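# Results of the structural survey
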Amino acid sequence: MQLEPGQAQLQKYNPLLHEQLKISTAVGDPNAWGQRNESLAWYWFVDVDLGGPNHSWNEEFYQVHWLRAKALRDRWKEEIELVQLEMEWTCNFFLWKAAKWGDRMQESLVKGLPGHACYSARQSHMYSLLAQDAQAAFKELQSVSIDADDE
């Protein structure tokens, strides 16, 4: 005897693909590599009354999946904040180094050490250029809109 599905069942249930049948390691190690783009297979979204009025197992599954997605979004939101701060810190570091080498140049000129003053001026100029390049590159990146405030 062979069961033939009706047209309604064929529309409701998609064919199972081999990659949809793999075991998810997200429960055992939610921070493992390669899980950031992982999504649920289609059969988790089929409206089937498997548990009667008590769908607690299914609701718990959706809650866990939602919490994992929220945690991932929160980590990316935090990463954006950190990268923006690191960009600012980098520019500030280059400006600080340029100022320090500028001070050393002045000290060398006062002490009558033209070689040291020349080297210090060159270092100060190098760090000034690095600061300018970093500010220009970061300004371009900060103009890219990333909407991490969706709640």
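Computed from a predicted model, the values in this text were never measured in an experiment.

## Describing the overall build of the protein chain
- When its secondary structure is counted, the protein chain shows three helices and zero strands.
- Reading the protein chain from its N end, one meets helices and strands in the order α-α-α.
- Taking all 151 residues of the protein chain together, 16% fall into the buried category.
- Summarising the internal contacts of the protein chain: among those between residues at least 6 apart in sequence, 61% fall at separations of at least 24.
- In the structure as shown, the protein chain presents an accessible area of about 12,600 Å², 58% of it carried by carbon and sulfur atoms.

## Here's the deal with the side chain of serine 120
- One can find serine 120 in helix α3 (residues 114–142).
- What makes serine 120 buried here is its relative accessible area of 4%.
- Not counting the four nearest positions on each side in its chain, serine 120 is found in contact with Trp101, Arg104, Met105 and Ser108.

## A short note on the packing of aromatic side chains
- The final tally for this structure, using the stated rule, is four aromatic pairs.
- With a centroid separation of 6.0 Å and an interplanar angle of 55°, the aromatic rings of phenylalanine 93 and phenylalanine 94 are classed as tilted.
- A residue is classified by how much of its surface remains accessible, and phenylalanine 93, at 41% relative accessible area, is partly exposed.
- Between tryptophan 101 and tyrosine 119 the ring centres are 5.6 Å apart and the planes differ by 80°, which places this aromatic pair in the edge-to-face class. Here tyrosine 119 lies in helix α3 and tryptophan 101 lies in helix α2 (residues 56–111), a separation of 18 residues in the sequence.
- Judged by its relative accessible area of 14%, tryptophan 101 falls in the buried class.
- Judged by its relative accessible area of 47%, tyrosine 119 is partly exposed.
- Three or more aromatic residues joined by ring pairs make a cluster, and in this case those are Phe93, Phe94, Trp96 and Tyr127.

## A short note on the pattern of salt bridges
- Under the criterion given, the structure shown has two salt bridges.
- Residue aspartate 74 is joined to lysine 70 by a salt bridge in which the shortest nitrogen-to-oxygen separation is 2.9 Å. Here lysine 70 and aspartate 74 lie together in helix α2, a separation of four residues that amounts to about one turn.
- Under the relative-accessibility criterion, aspartate 74 is labelled partly exposed at 29%.
- A relative accessible area of 33% means that lysine 70 is categorised as partly exposed.
- One salt bridge connects aspartate 74 with arginine 73, and the closest N-O pair in it is separated by 2.8 Å.
- Residues participating in the shared-partner salt-bridge network are Lys70, Arg73 and Asp74.

## Notes on the side chain of serine 108
- Turning to its location among the elements, serine 108 is positioned in helix α2.
- If we skip the residues at most four places from it in the chain, serine 108 touches Leu113, His116, Ala117 and Ser120.

## A closer look at the nonpolar core
- In this structure, Met87, Cys91, Phe94, Ala98, Trp101, Tyr127, Ala131, Ala134 and Phe138 together form the largest nonpolar core, which totals nine residues.
- Going through the elements one at a time, α2 and α3 are the ones with two or more residues in this core.
- In terms of residue count, α2 provides more of this core than any other element does, five residues in total.
- With sequence-adjacent residues up to four places away left out, phenylalanine 94 is seen in contact with Tyr127, Leu130, Ala131 and Ala134.

## Describing the confidence of the model for the protein chain
- With 68% of its residues at a pLDDT of 70 or more, the protein chain shows a mean pLDDT of 79.
- Mean pLDDT values for the elements of the protein chain range from 72 in helix α1 (residues 7–12) up to 93 in α3.

Rules and cut-offs
- Residues numbered from 1 in each chain as written.
- Predicted model: local features only at pLDDT ≥ 70, side-chain atom pairs only at ≥ 80, totals over all residues.
- Heavy atoms only, no water.
- Helix = DSSP H or I, 4+ residues; strand = E, 2+ residues; numbered from the N terminus.
- Buried < 20%, exposed > 50% of the residue type's maximum accessible area, 1.4 Å probe, protein only.
- Contact = heavy atoms within 4.5 Å.
- Areas by Shrake-Rupley, 256 points an atom, 1.4 Å probe, with all protein chains shown as cover.
- Phe/Tyr/Trp six-rings, centres within 6.5 Å; stacked < 30°, edge-to-face > 60°.
- Salt bridge = Lys/Arg side-chain N within 4 Å of Asp/Glu carboxyl O.
- Core = buried A, V, L, I, M, F, W, Y, C linked by side-chain atoms within 4.5 Å.
- pLDDT = per-residue confidence, 0-100.

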